[in-house]
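# Examining the three-dimensional arrangement
Each chain, written out:
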Amino acid sequence: MRYQICRSARTLLSAASKQTSRSFSGGRATVSCRGKVSSLASYGASESGNTFRSWISGTLALPSTVFMLQEQEACAAEMERTFIAIKPDGVQRGLISEIISRFECKGYKLVAIKILVPSKEFAQKHYHNLKERPFFNGLCEFLSSGPVMAMVWEGEGVIKYGRKLIGATDPQKSEPGTIRGDLAVVVERNIIHGSDGPETAKDEINLWFKPDDLVSYTSNSENWIYGNN
């Protein structure tokens, strides 16, 4: 089962717990919301049992609503997966461990990895969205010129932030601290590829890996990364 979390749902639940309290004293029921207290008329002689039961039923419905929202948001917050490839120049330069450590130190989880030399035809499939660009043929030739380390990483926001870890396409425009900013010099040898969006990630993962190649597991560090302990 894939690890699922939803920080916004937990925040909402926590806020609701703090903002809503129910107390019964001296025959009076009160509800406190955001620090403001509104009192209800005394129940008993002044209120019928049906009126009170209606009020308490509506009051107790709030936690149920919060839990339902929490469950819905948790489903929406399922962990992302992205495709990352260390290109032939990164492999030949011995940068595999350095690049992997950048993602591991961030807190992302490796769920698939393999090394292969892609054919030019395979490279053309990978770069199919660039086939009209003048540098398309050169890209495909380079990707198929040596071993490529293909990986799938999983984590909250891994697609967008994975691109930030990688840096700009042109290493000269990449910030220090990014992979390309620290380890590459020219755009023709920028050492790494990362999916640029959810649909691209899905397509690239399906191109490079079979479903059985991807491993689903819970890392012991996840509670410490996502604060679910």
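Residue numbers here run from 1 along each chain, matching the order of that chain's written sequence. At least 70 in pLDDT is required for a residue's local features to be given in this predicted model, at least 80 for side-chain atom pairs to be given and counted, and no such filter applies to totals for whole chains, interfaces and linings, which use all residues. Values shown for side chains rest on all heavy atoms present in the structure; no hydrogens or waters enter the calculation.

Which entries qualify depends on this criterion: UniProt positions are given in the numbering used here, feature names are shortened, and annotations may be inferred rather than shown by experiment.
The name given to the protein in an unreviewed UniProt entry is Nucleoside diphosphate kinase, with the source organism recorded as Abeliophyllum distichum. You can read under Subunit (unreviewed entry) in the UniProt record for the protein the words "Homohexamer." The record held by UniProt for the protein lists under Sequence similarities (unreviewed entry) the comment "Belongs to the NDK family."

### Structural notes on the side chain of Glu204
Cut-off, in case you're wondering: Runs of H or I in DSSP of at least four residues are treated as helices and runs of E of at least two as strands, each being numbered from the N terminus. For each residue, the accessible area found with a 1.4 Å probe, counting protein chains only, is set against the maximum for its type, and the residue is called buried under 20%, exposed over 50%, and partly exposed in between. For the purpose of charge, His is not counted, nor are the chain termini; Lys and Arg are scored as positive and Asp and Glu as negative. We define a salt bridge as a contact between a side-chain nitrogen of Lys or Arg and a carboxyl oxygen of Asp or Glu at a distance within 4 Å.
Counting through the fold element by element, Glu204 comes out in helix α9 (residues 198-208). Despite its burial, Glu204 pairs with no opposite charge, the nearest such side chain being Arg163 at 7.5 Å.

### Some points on the UniProt feature "binding site: ATP" (unreviewed entry) in the protein
For clarity, the threshold we go by: Working rule for contacts: check all heavy atoms of both residues, and any pair within 4.5 Å makes them a contact.
Here, UniProt's "binding site: ATP" (unreviewed entry) annotation points to Lys87, Phe135, Arg163, Thr169, Arg180 and Asn190. By secondary structure assignment, the location of Phe135 is in the loop between α5 (120-126) and α6 (136-143). Taking relative accessible area as the criterion, Thr169 reaches 47% and is therefore assigned partly exposed. Residues contacting Thr169, with those up to four places away along its chain left out, are Arg180, Val187 and Asn190.

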